[in-house]
Amino acid sequence: MLLRRRSLWCLVALSALLLLSDGCAGARPQGSVAELHGVINLLRLDSRTCWILETGGMRDKAFYELLGPDRLLRRLQQENLRARVRVILRPDQTPICGIGTVAEVVEILELQP
């Protein structure tokens, strides 16, 4: 019974966290979990290559430099791919290409070519 209550509590807490992290471009503290959706683009600067997730519209556009496990990043490396991903925001890290906020991909939720 105690185990069932703990599992239920964990599920409720996780659901609340996901509802609060809606993928908006607003500032979040280091290590925040966020669900982002947008378009993946390749950015080449000098010898550096970065995959950037562009979110929002004209008024609330934001850029996220994607890092994370190779098995996830390989699936995201396609120009103009629409993606919905769960990330951990790392605003204290400097982006390799100097654009946007570093976002560590932890889960791919949806991909659309």
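Everything below is about the structure printed above this text.
Definitions and limits used
Residues numbered from 1 in each chain as written. Predicted model: local features only at pLDDT ≥ 70, side-chain atom pairs only at ≥ 80, totals over all residues. Heavy atoms only, no water. Helix = DSSP H or I, 4+ residues; strand = E, 2+ residues; numbered from the N terminus. Contact = heavy atoms within 4.5 Å. Polar contact = N/O pair within 3.5 Å; in protein donor to acceptor, adjacent residues only side chain to side chain. Salt bridge = Lys/Arg side-chain N within 4 Å of Asp/Glu carboxyl O. Buried < 20%, exposed > 50% of the residue type's maximum accessible area, 1.4 Å probe, protein only. Disulfide = S-S within 2.5 Å.

Turning next to the environment of Gln-112. Considering the arrangement of structural elements, one finds Gln-112 in strand β5 (residues 101–112). As a C-alpha pair, Gln-112 and Leu-81 span 31 residues in sequence and 6.1 Å in three-dimensional space. Look past the residues within four positions of Gln-112 in its chain and what remains in contact with it is Leu-81 and Arg-82. Here Glu-110 takes part through its side chain, which lies 2.8 Å from a polar atom of the side chain of Gln-112.

Here we take up the pattern of salt bridges. Counted under the stated rule, the structure contains 7 salt bridges. Of the charged contacts in the structure, one is a salt bridge between Glu-35 and Arg-86, with a shortest N-O distance of 3.5 Å. Placement of Glu-35 in strand β1 (residues 33–45) and of Arg-86 in strand β4 (residues 81–89) is noted, with a sequence separation of 51 residues between them. We note that Glu-35, like Arg-86, is buried. A salt bridge links Arg-48 to Asp-46, with the nearest nitrogen and oxygen atoms 3.6 Å apart. Where salt bridges share partners, they join Glu-35, Arg-84, Arg-86, Glu-107 and Glu-110 into one cluster.

Phi at Asp-46 is positive, roughly 55 degrees, even though this residue is not glycine. Mapped onto the fold, Asp-46 is located in the loop between β1 and β2 (48–55). By relative accessible area, Asp-46 is classed as exposed at 77%. Positive phi values are uncommon outside glycine, yet Asn-80 reaches one of about 60 degrees. Structurally, the position occupied by Asn-80 is in the loop between α2 (70–76) and β4.

The subject of this paragraph is the state of the cysteines. Inspection of the entire model under this criterion finds 1 disulfide. The partner cysteine of Cys-50 in its disulfide is Cys-97, sulfur to sulfur 2.0 Å. Here the disulfide of Cys-50 and Cys-97 is right-handed, its torsion about the S-S bond being about 90 degrees. Placement of Cys-50 in strand β2 and of Cys-97 in the loop between β4 and β5 is noted, with a sequence separation of 47 residues between them. Among the residues examined, Cys-50 registers a relative accessible area of 3% and is labelled buried. A residue is classified by how much of its surface remains accessible, and Cys-97, at 5% relative accessible area, is buried.

By themselves, these figures tell us nothing about what the structure is for.
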